[in-house]
Amino acid sequence: MDASKYIKELKQKVVMLNQEIACAAQDSRSRQTSYPTVNVETLGHGSFLVNVLSDKSCPGLLVSILEAFDELGLSVLQATATCADTFRLEAIGGENLMENVDEHAVKQAVLRACSSHSGGGGNKQT
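The shown structure was predicted, so the numbers you read here are calculated from the model rather than taken from an experiment. (Residues numbered from 1 in each chain as written. Predicted model: local features only at pLDDT ≥ 70, side-chain atom pairs only at ≥ 80, totals over all residues. Heavy atoms only, no water.)

Caption draft 1: How the structure looks around the overall build of the chain. On a plain count of helices and strands, the chain comes out with 3 helices and 5 strands. Residue burial in the chain is summarised as follows: out of 126 residues, 28% are buried. For the chain, contacts bridging at least 24 residues in sequence account for 59% of all contacts bridging at least 6. Approximately 8400 Å² of the chain is accessible, and the part contributed by carbon and sulfur atoms is 53%. (Helix = DSSP H or I, 4+ residues; strand = E, 2+ residues; numbered from the N terminus. Buried < 20%, exposed > 50% of the residue type's maximum accessible area, 1.4 Å probe, protein only. Contact = heavy atoms within 4.5 Å. Areas by Shrake-Rupley, 256 points an atom, 1.4 Å probe, with all protein chains shown as cover.)

Written out as structure tokens, the structure reads:
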């Protein structure tokens, strides 16, 4: 009888552990998709179209990205941002005051802003 009871308890523990593993895997996947996706296109004459999209809203992320624009010497010529449930930014930056700022440099600066804002690492690039 004791052995049967012990086996039943072990089976329950296995079920509980499998549920915990499934929850941890789901949390890990949801954290991976919450990192912002950044896409930058050159519009010509030192202007760039910057799109940033995240599955969740990140208070202060917009400010971090705008500071990155400022550090590159880019002025925001036009922008649309949504920060409610998700984060979405579409901005046109132009009037580049610094030399050697290209599409790649803008993308890297925005990714650094996203990374430093969210605590680092794991940004998804497109």
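And the narrative resumes.
Caption draft 2: Examining helix H2 (residues 61-71) more closely. Turning to H2, its buried residues are Leu61, Ser64, Ile65, Ala68 and Phe69. What you see down the axis of H2 is that its buried residues fit within an arc of 145°, all on one side. Once H2 ends, the next one or two residues include glycine 73, with phi positive near 80°. (Arc of directions from axis to C-beta.)

Caption draft 3: How the structure looks around the pairing of strand E3 (residues 75-82). Bridge count for E3 against strand E4 (residues 87-94) is 7 bridges, and the pairing is antiparallel. Bridging across to E4, serine 75 finds its partner in glycine 94. (Pairing = 2+ DSSP bridges.)

Caption draft 4: Examining the nonpolar core more closely. Counting residues in hydrophobic clusters, the biggest one holds 22 residues, and the most contacted among them are Val50, Val52, Ile65, Val106 and Val110. Broken down by secondary-structure element, the contributors of at least two residues to this core are strand E1 (37-44), strand E2 (47-54), H2, E4 and helix H3 (103-118). Here this core takes 6 residues from H3, the largest share from any one element. (Core = buried A, V, L, I, M, F, W, Y, C linked by side-chain atoms within 4.5 Å.)

Caption draft 5: Structural view of the side chain of serine 47. Within the secondary structure, serine 47 is located in strand E2. Those residues in contact with serine 47, other than ones at most four positions away along the chain, are Glu41, Thr42, Leu77, Gly93 and Gly94.

Caption draft 6: Fine view of the environment of aspartate 85. Within the secondary structure layout, aspartate 85 lies in the loop between E3 and E4. Residues aspartate 85 and cysteine 58, 27 residues apart in the sequence, show an inter-C-alpha distance of 9.0 Å. If we ignore the near neighbours within four places in the chain, the residues touching aspartate 85 are Asp55, Lys56 and Ser57.

Caption draft 7: Here's a closer look at the pairing of E4. Summarising the sheet, E2 and E4 pair through 7 bridges and their orientation is antiparallel. If you follow valine 52 over to E4, its bridge partner there is leucine 89. Taken together, E3 and the strand that follows it, E4, pair antiparallel across an intervening segment of 4 residues.

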